[in-house]
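Residue strings, one per chain:
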Amino acid sequence: GDFFIRVNAKDAKSIKTIEVILSNYLNRPVDPPVETADYYVATAAGGGSDSNPGTISQPFLTINKATSVMTSGQLCYVRAGTFAERITSLASGGGTWATATRIFGYPGESVTIQPGSGNACIHFDSVTANWLHFKNLILDAVNITSGVPAVKLRGTNVHHVRLEDIEAKNAP
């Protein structure tokens, strides 16, 4: 239904009434619809197992399992939790941002990548990595060796890597 807001404004000479109609305002979704992904990852508590097919109802357990089967232009949603791994490979995207290969934290959920000791949370070194998009992730470098950044991109074929809504913390 329609909802009305009526505002009366008074100056020295008259009272003015402004009426605003908000059609179906309260029935609108709060968040935009979530795009269907090619693969999903969840913690063990969320049903994740690397022997699963990677669907929303049977997600993979690790991000690296998803990256091992992803092809150019695919999307993987990672569900809430902390993942003790680092991302070291991912199929390059299709040459535009519209066809980029994507690893996204699931909308509205908190996803932390916190590898054990060693290198960066996202580490592409001397590999082909281009047209990649990472979004809505926390990169926690608390266990990373001193002097190593949370994200390490190096090589002649590493370009067009987008980091969006990324929090990098605890880097040495």
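Residues numbered from 1 in each chain as written. Predicted model: local features only at pLDDT ≥ 70, side-chain atom pairs only at ≥ 80, totals over all residues. Heavy atoms only, no water.

Engineer: How should the pattern of salt bridges be read in this particular structure?
Structural biologist: Pairing between side chains of opposite charge can happen when their charged atoms approach one another. Counted under the stated rule, the structure contains three salt bridges. Arginine 79 is the salt-bridge partner of glutamate 109, the closest N and O atoms lying 2.4 Å from each other. Residue glutamate 109 is found in the loop between β6 (101-105) and β7 (111-113), and its partner arginine 79 is found in the loop between β4 (75-78) and β5 (81-83); the two are separated by 30 residues along the sequence. Exposure remark for glutamate 109: the relative accessible area of 22% places this residue in the partly exposed category. Judged by its relative accessible area of 24%, arginine 79 falls in the partly exposed class. (Salt bridge = Lys/Arg side-chain N within 4 Å of Asp/Glu carboxyl O. Helix = DSSP H or I, 4+ residues; strand = E, 2+ residues; numbered from the N terminus. Buried < 20%, exposed > 50% of the residue type's maximum accessible area, 1.4 Å probe, protein only.)

Engineer: Explanation requested: the nonpolar core in the structure shown.
Structural biologist: The tendency in soluble globular proteins is for nonpolar side chains to be buried side by side. Val41, Ile63, Cys76, Val78, Ile103, Phe124 and Phe134 are the most contacted members of the largest nonpolar core, which totals 28 residues. Among the elements of the structure, β3 (39-41), α1 (63-69), β4, β7, β8 (122-125) and β9 (129-140) are those that each provide at least two residues to this core. In terms of residues, this core owes the most to one element, β9, which gives five residues. Counting six residues, the second-largest nonpolar core is a separate cluster that includes Ala37, Tyr40, Leu75 and Tyr106. (Core = buried A, V, L, I, M, F, W, Y, C linked by side-chain atoms within 4.5 Å.)

Engineer: How should the packing of aromatic side chains be read in this particular structure?
Structural biologist: The description of an aromatic ring pair uses the distance of the two centres, along with the angle that the planes make with each other. Taken as a whole and judged by the stated rule, the model has six aromatic pairs. Geometrically, the ring pair formed by tyrosine 39 and phenylalanine 60 is stacked, given 5.6 Å between the ring centres and 25° between the ring planes. Taken together, the residues span a long stretch of sequence, with tyrosine 39 in strand β3 and phenylalanine 60 in the loop between β3 and α1 at a distance of 21 residues. Of the two residues, tyrosine 39 and phenylalanine 60, both sit in the buried class. With centroids separated by 6.1 Å and ring planes inclined at 35°, the aromatic side chains of tyrosine 40 and tyrosine 77 adopt a geometry described as tilted. Of this pair, tyrosine 40 sits in strand β3 while tyrosine 77 is found in strand β4, placing the two residues 37 residues apart along the sequence. For tyrosine 40, a relative accessible area of 8% translates into the label buried. Put simply, the rings of Tyr40, Tyr77, Phe104 and Tyr106 touch in pairs and so form one group of aromatic residues. A cation over a ring is seen here: arginine 79 above tyrosine 106, with NZ or CZ 3.8 Å from the ring centre. (Phe/Tyr/Trp six-rings, centres within 6.5 Å; stacked < 30°, edge-to-face > 60°. Lys NZ or Arg CZ within 6 Å of the ring centre and 35° of its normal.)

Engineer: What am I meant to see in unusual backbone geometry here?
Structural biologist: For residues that are not glycine, phi is negative in most cases, and the peptide bond is trans in most cases. In this structure, histidine 160 is a non-glycine residue whose phi angle is positive, near 55°. Locating histidine 160 in the fold gives a position in strand β11 (residues 158-169). According to the relative accessible area criterion, histidine 160 is partly exposed, its value standing at 38%. In this structure, aspartate 165 takes a positive phi of about 50° despite not being glycine. Tracing the chain through its elements places aspartate 165 in strand β11.

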